[in-house]
Amino acid sequence: MANATESITASAAQRSAVRWNQRSLAPWLFLAPGLFMFGLYVLWPIVQSVTLSFYDWDGLYGPNGEFKGTFVGMGNYAELMIDPAFETSLVNNFYWLALYLLALPIGLFIAIFLNQTVTGIRLYKSLFFFPFVISQVVVGLIFAWFYAPNFGLFYLLTEAITGKGVAVLADPDLVTFGIIAAGLWPQIAYVMILYLTGLNNVAPDQIEAARLDGAKGLKMLWYVVLPQLRPATFIAVIVTVIGALRSFDLVSIMTNGGPFGSSRVLSYYMYEKALGEYGFRMGYGAAIAVVLFAIMMIFISGFIWKMWRDETQR
Amino acid sequence: MFPRPIQQSGTGAQWLYTIALPVALLLWLFPLLGVALTSLRPASDLAQGNYFGMPSGIAWENYVFIFTETPIGQYMVNSLWVTIPTVIGAVSLSLMTGFALAVYGFRANILVFFMFVAGNFVPFQILMVPVRDMTLQLGMYDTWYGLALFHIAFQTGFCTLFMRNFIKALPYELIEAARVEGVTEWRIFWYIVLPLMRPAIAALSVLVFTFIWNDFFWATVLTQGVDSQPITAGLSSLNGQWIAQWHLVSAGSILAALPPVAMFFLMQKHFIAGLTLGAVK
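Everything numeric in this text was worked out from a predicted model, so none of it was measured.

What counts and what doesn't
- Residues numbered from 1 in each chain as written.
- Chains lettered and ligands numbered in written order.
- Predicted model: local features only at pLDDT ≥ 70, side-chain atom pairs only at ≥ 80, totals over all residues.
- Heavy atoms only, no water.
- Core = buried A, V, L, I, M, F, W, Y, C linked by side-chain atoms within 4.5 Å.
- Buried < 20%, exposed > 50% of the residue type's maximum accessible area, 1.4 Å probe, protein only.
- Helix = DSSP H or I, 4+ residues; strand = E, 2+ residues; numbered from the N terminus.
- Contact = heavy atoms within 4.5 Å.
- Axes fitted to C-alpha atoms, helices over the stretch in contact; angles between N-to-C directions.
- Parallel < 35°, antiparallel > 145°, perpendicular 65-115°, else oblique.
- Left-handed = near helix turned anticlockwise from the far one by under 90°.
- Phe/Tyr/Trp six-rings, centres within 6.5 Å; stacked < 30°, edge-to-face > 60°.
- Lys NZ or Arg CZ within 6 Å of the ring centre and 35° of its normal.
- Buried area = accessible area lost by both parts, 1.4 Å probe.
- Salt bridge = Lys/Arg side-chain N within 4 Å of Asp/Glu carboxyl O.
- Polar contact = N/O pair within 3.5 Å; in protein donor to acceptor, adjacent residues only side chain to side chain.
- Nonpolar A, V, L, I, M, F, W, Y, C, P; charged D, E, K, R; others polar.

(A) Looking closely at the nonpolar core. Within the largest apolar cluster, 207 residues are counted, with the highest numbers of intra-cluster contacts made by Phe129 of chain A together with Leu127 and Trp218 of chain B. In terms of residue count, helix α8 (residues 175–200) of chain A provides more of this core than any other element does, 16 residues in total. Ignoring any residue separated from it by four or fewer positions in sequence, one finds Phe129 of chain A in contact with Ala189, Tyr190, Met192 and Ile193 of chain A together with Phe264, Phe271 and Leu275 of chain B.

(B) Molecular detail of the packing of helix α11 (residues 230–246) of chain A against helix α14 (residues 282–313) of chain A. Residues and elements named next belong to chain A. It is at 11 Å that the axes of α11 and α14 come closest, and there the two elements cross at 165°. What the angle tells us is that α11 and α14 run roughly antiparallel. The way α11 lies across α14 gives a crossing that is left-handed. Every residue of α14 that contacts α11 at Phe234, Ile238, Val241, Ile242, Leu245 and Arg246 is listed here: Leu292, Ile295, Met296, Phe299, Phe303 and Lys306.

(C) How the structure looks around the packing of aromatic side chains. Evaluated as defined, the whole model comprises 54 aromatic pairs over all chains. An angle of 85° between the planes, with centres 5.4 Å apart, marks the rings of Tyr147 of chain A and Phe154 of chain A as edge-to-face. Residue classification places Phe154 of chain A among the partly exposed positions, given a relative accessible area of 28%. Among the aromatic residues, those joined into a ring-pair cluster are Tyr41, Phe248, Tyr268 and Tyr271 of chain A together with Phe124, Phe150, Phe154, Phe216, Phe217 and Trp218 of chain B. The ring of Tyr284 of chain A has Arg281 of chain A sitting right over it, with the charged end atom 4.3 Å from the ring centre. Seen from the ring of Phe234 of chain A, Lys306 of chain A lies directly overhead, with NZ or CZ sitting 4.8 Å from the centre.

(D) Looking closely at the interface of chain A and chain B. Contacts between the two partners involve 104 residues from chain A, matched on the other side by 102 residues from chain B. Across the chain A to chain B interface the summed buried area is about 9700 Å²; carbon plus sulfur atoms make up 78%. In terms of surface lost to chain B, no three residues of chain A exceed Phe30, Tyr41 and Trp145 of chain A, which account for 10% of the buried area on that side. Run the count over chain A and chain B and you get one salt bridge. With a shortest N-O distance of 2.8 Å, Glu311 of chain A and Arg164 of chain B are connected by a salt bridge. Counting across the interface, chain A meets chain B through 15 residue pairs in polar contact (both at pLDDT 80 or more). Of the residues in the side of chain A that touches chain B, the class split is 80 nonpolar, 16 polar and eight charged.

If you want it as structure tokens, here you go:
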């Protein structure tokens, strides 16, 4: 009899041990495939790129598969400091960043304009969102046609106004702004949707209360509505900044960095150095990518920091 | 409601609004309308300099031409071959990671979570050389699966953020109750959480579909020929051949834009819910 009770308690203990193991093991089993893929394709390559940025490497391997790069220490970075093309790219990236943020006020304006309840407004809202859904390749082609010399609508328009048409994409001083304008089109649409959703959730009683106190128009917007739109603004800033710094497609489609390299941005210049026509300077390209990554990390850390605060507050 | 409902304003303002709406939309979509119109414009119009006037006829032959004389059909098929496995892969992986991060309070939880979130925002260029190199080494360069595998891995970052927040919002008592009943963790995931995730899965699937269909950078870096290039990269290389043949460029653009647009209209509610996740609290 004693034996039987013992074995029962033993098996109960065993069962709870199994359950305990299951509870502590389960998250890692669920995480394993995702972590493996993400580690292999995202985290590990970041480490590799940083390492690679200290080497001179043409992307080729020796006959037995050995790495044939030469260690140059900070050499690539030192070269970047005096590379005029890098400077152009960096400056252009800051133009992108600054002007892309125009998507916020414009997006908010359109959102306010569309935030009404009239017949067919849902269709209007989704049609306004359209530019975001289509590929940047298509957006780039559309705007290239729009800017085309001699017959492009923008060219004809400037010709009609000033007597002399402006071929935006062929003008080294204007080209970056022309491309940014194309990029703003879908970005504004995205910001607009964020704000429309935000406006939907603005507390009506606060609006009414403020109205009774005589607030309206811009005052109402600034003191009552905007504070409530902060979560939307935050996300909008993040996606806009990242969109601006990631800009590659439009530059590649519309100008290939030209004319005379004047529309390059870091992401495009990196591609050009590592894989482009004159390219296969993998280490140098990696160094450019590391700089871009460092700039981006400033914003990513801000985002993570805010998430951390939100998470630990709850 | 902000701004004040237009119905409460005077008749003049209401009229103005009714007129302003379609005019604003027309201006906003003008570039797109221009392209749609050009895609149906006969080549002779362009030759005569009629780029923006009324087309002299409707030229469906532009579309016939790009389907019969160029590999655009193949490019679209390639896009599907990359996009569909990516949607399935990224959504499945992130359902599991999201579940793990939302339901279990293990020590590294928030660290792992932030790693996915941060990784999702890195510039692609920092991944470019190593990922291309690895794809080459594995013999998957210039194949649909080489491209799809990368996309699955990268999209897992964004999708995990999404799924984790969604699962976290589910009533936790359901899971607790099941555990008291002795249901295993895997069955909790499969029979309790998964059925509740349908709207999230729908939202994420349309989003990922659109992102991947529209991807250009990785298509350029990891593929090169007609046999594996997706439509975005294909369109860009065709653009080089069709110098100044804007009726063909336009028709190609419209075709490339069609699937995500159709997806958006079919699943609008889910699409927007997915994009605005986190924008409202």
